[in-house]
Amino acid sequence: MPQSSKSRPTADRSQRSTRRPQRRVPASGMDSPADPLGAAVRLLSETAHDLKSPLAGIAATMEVIRDGSLGDVTPSQAEFLQAAMTQCEYIDSLIGELSRAERLRSGTPRVRRVATKRTAIRDAVDLSTRSLLSNKQIDLHWDGAEPNSIDTLVDSTILSRLLTNLIINAERASKSGSPILIRVEDDLNRGVAVWSVIDRGRGISPQRLQQLSGTQRIASDLGGEGLGLLISRQMASLHYSTLTLRSRLGSGTDAVFETPLATPAGIATTFARFRAERRGTRSRPQTIQQWKSDESKAFERELRGGNRVRIESMANASSWHEIQLQSDDIRPVRADRLALGRVTADVECTMEMADRFDETLQYNLSPFELAYRTSRRNWVCALDADHHSMPTRMQQIEMISRRVTPAMQLQWSEPSIVPVQERSLQCLLIDAMTTRSLAEAAGTIPDVDSVRLGTPEISFSPVASARLDEELRRMSERMKSQSDRLRSQSAALRPRV
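Quantities reported herein were computed from a predicted structural model and do not represent experimental measurements.

(A) Spotlight on the packing of aromatic side chains. A full pass over the atoms with the stated rule returns 5 aromatic pairs. For the ring pair F274 and F368, a centre distance of 6.1 Å and an interplane angle of 20° mean the geometry is stacked. Of this pair, F274 sits in helix α9 (residues 264–277) while F368 sits in the loop between α10 (351–363) and β13 (370–373), placing them 94 residues apart in sequence. Both residues of the pair, F274 and F368, belong to the buried class. Clustering of aromatic rings is evident, with ring pairs tying together Y240, F271, F274 and F368.

(B) Geometry of the packing of α10 against helix α11 (residues 390–404). At a minimum axis distance of 10 Å, the contact between α10 and α11 shows a crossing angle of 135°. When the interaxial angle is binned, α10 and α11 end up oblique. Note that α10 runs across α11; the crossing there is right-handed. On the side of α10, the interface is formed by R356, F357, T360 and L361, while α11 contributes I397, I400, S401 and V404. Considered class by class, the residues forming the contact of α10 with α11 number 5 nonpolar, 2 polar and 1 charged.

(C) Broad picture of the nonpolar core. Judged by nonpolar contacts, the single largest core of 37 residues is most densely connected at L163, W195 and F257. Residue contributions to this core peak at 7 residues, all from helix α5 (residues 156–173). Ranked by size, the runner-up nonpolar core spans 22 residues in total, among them I267, A268, A382 and A432.

(D) Up close: unusual backbone geometry. In this model, Q137 sits at a positive phi of 50°, which is unusual for a non-glycine residue. We classify Q137 as exposed; its relative accessible area is 56%. Although it is not a glycine, Y240 adopts a positive phi angle of roughly 60°. Looking at where Y240 falls in the secondary structure, it is placed in the loop between α8 (225–237) and β6 (243–248).

(E) Structural detail: the pattern of salt bridges. Evaluated as defined, the whole model comprises 21 salt bridges. D151 is the partner of K117 in a salt bridge, and the nearest nitrogen-oxygen pair spans 3.5 Å. You can see K117 sitting in the loop between β1 (114–116) and α4 (118–134) and its partner D151 sitting in the loop between β2 (140–143) and β3 (152–154), a full 34 residues away along the chain. One salt bridge in this structure joins D484 and R487, with 2.9 Å as the shortest N-O distance. Of the two residues, D484 and R487 both sit in helix α13 (residues 462–493), 3 residues apart, roughly one turn of that helix. For D484, a relative accessible area of 35% gives the class partly exposed. Each of K480, D484 and R487 takes part in salt bridges that share partners, so that together they form one network.

(F) Spotlight on the layout of surface pockets. There is about 640 Å³ of room inside the second largest pocket. For the second largest pocket, the lining is made up of 20 residues, of which T86, Q87, S128, S131 and L132 are closest to its centre. Counting only elements with at least two residues in the lining of the second largest pocket, the list comes to α3 (75–106), α4 and α5. If you tally residues by element for the lining of the second largest pocket, the top one is α3, at 9 residues. Within the lining of the second largest pocket, the residues separate by chemical class into 5 nonpolar, 10 polar and 5 charged.

(G) Seen up close, the confidence of the model for the protein. A residue-level look at the protein finds 70% of positions with pLDDT of 70 or above and a mean pLDDT of 77. Note that residues 215–224 has pLDDT below 50 and, in this model, 23 contacts with residues that lie over four places away or in other chains. Within the model, the stretch residues 291–310 combines pLDDT values under 50 with 41 contacts to residues more than four positions away or in other chains.

(H) Structural context of the side chain of E322. Along the chain, E322 turns up in strand β11 (residues 320–325). E322 gets classed as buried once you look at its relative accessible area, which sits at 7%. A distance of 3.0 Å separates a polar atom in the side chain of E322 from a polar atom in the side chain of R246.

What counts, and where the lines are drawn
- Residues numbered from 1 in each chain as written.
- Predicted model: local features only at pLDDT ≥ 70, side-chain atom pairs only at ≥ 80, totals over all residues.
- Heavy atoms only, no water.
- Phe/Tyr/Trp six-rings, centres within 6.5 Å; stacked < 30°, edge-to-face > 60°.
- Helix = DSSP H or I, 4+ residues; strand = E, 2+ residues; numbered from the N terminus.
- Buried < 20%, exposed > 50% of the residue type's maximum accessible area, 1.4 Å probe, protein only.
- Axes fitted to C-alpha atoms, helices over the stretch in contact; angles between N-to-C directions.
- Parallel < 35°, antiparallel > 145°, perpendicular 65-115°, else oblique.
- Left-handed = near helix turned anticlockwise from the far one by under 90°.
- Contact = heavy atoms within 4.5 Å.
- Nonpolar A, V, L, I, M, F, W, Y, C, P; charged D, E, K, R; others polar.
- Core = buried A, V, L, I, M, F, W, Y, C linked by side-chain atoms within 4.5 Å.
- Salt bridge = Lys/Arg side-chain N within 4 Å of Asp/Glu carboxyl O.
- 1 Å grid on protein atoms, 1.4 Å probe; cavity = no way out; pocket = protein on both sides within 12 Å on 5 of 7 lines; lining within 4 Å.
- Points joined across faces, edges and corners; volume = space filled by probe spheres on them.
- pLDDT = per-residue confidence, 0-100.
- Polar contact = N/O pair within 3.5 Å; in protein donor to acceptor, adjacent residues only side chain to side chain.

What follows is the structure, encoded as structure tokens:
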């Protein structure tokens, strides 16, 4: 069928993007016969690449027909063609997820975690699921994604895709008109935002949950639910979390995962806990367990048309069952230690260069590494290395930096090799992040952007100086009165001779 010139660039770009990268040989031998999950993912990933070109051609052809280049099209026909093109886009996104699953399996996930507003995630998910849910008149409700909520450290694209996958699973299990709730709750003690996708569909039987808890089952059943869970649990792992499924037949399913709060304490606590859980040998998938609670939780949200939509979570909780899906496809190179240090860009580095380096650095970290940007040109890094491998890891990062920012020079602090113990690692990370950030904010570490070229220098302000002097006098008097009080109390406690 002939194609118009309008559609050809789209097809050409798709065809150019299907060039296969050179295949890496996994260091851990994951393509061995003993790893059917890895072999299945690799096979599906390679097959998916071959589908991109014909899929792009089909979408381009439908676009030509829909635009009327080959003749008049009725509104009904245009609507069906648009729906088919939407499905092509969805299949293309699945192909991208398979490629991401292969990168996750090989330890090169390409993730950039940044502080993100929850409203941005909500808007992206609403847009990607609106047409899917409208077919069954299913409303998607949100609880805890307000504009004033604490930012969370996520890769927004991956998190949006994870929520979309879980919503698709919920939609398949739900009846027409049954609402779906996405709830986000902050756990400040653990430093995380807890995300839950709650449906009131048919639920999952304990036997099926038991099957889904094993990687062997997912490897042999990669279609539909198995493929979605495989990709979803890997996406959750990229945010230092497991994926938990809680379900009961006839009552629905809750899919739960966590993301770090975008604060130094939240990031350090979450990463330290995740890294400590991956210490040592590969853990086995957790078996099914009965979820018990003395209190059932009820959540009410969204007033529509005078009727309050009610979605209950974990009603009659003692009869619900739970499994945790943990991505164990790869392991850290150094199981019981990591290298903690700082990297600083030179003062000649522009903001554009620093942002480009930050993106490149994040994309080239393994799932067991962390880079926290404390200021414009400074990063605290926790790398999967020890005394022997740290110089090589630093050279790798510098080589990557020179490719994207040739003019930028990096300076490394002396790295500390620390044991992977949750509490001690958490304290070390918090200290490194906050100390560096406070020092830079206080000006003890110079930053050439504090006074930009072409702007007036910071001048003396008599008003600010007077206020500062007054505050110092007030604090001095307060400390003097407290010292006198302590002195008198101490004298009263002395024994009389």
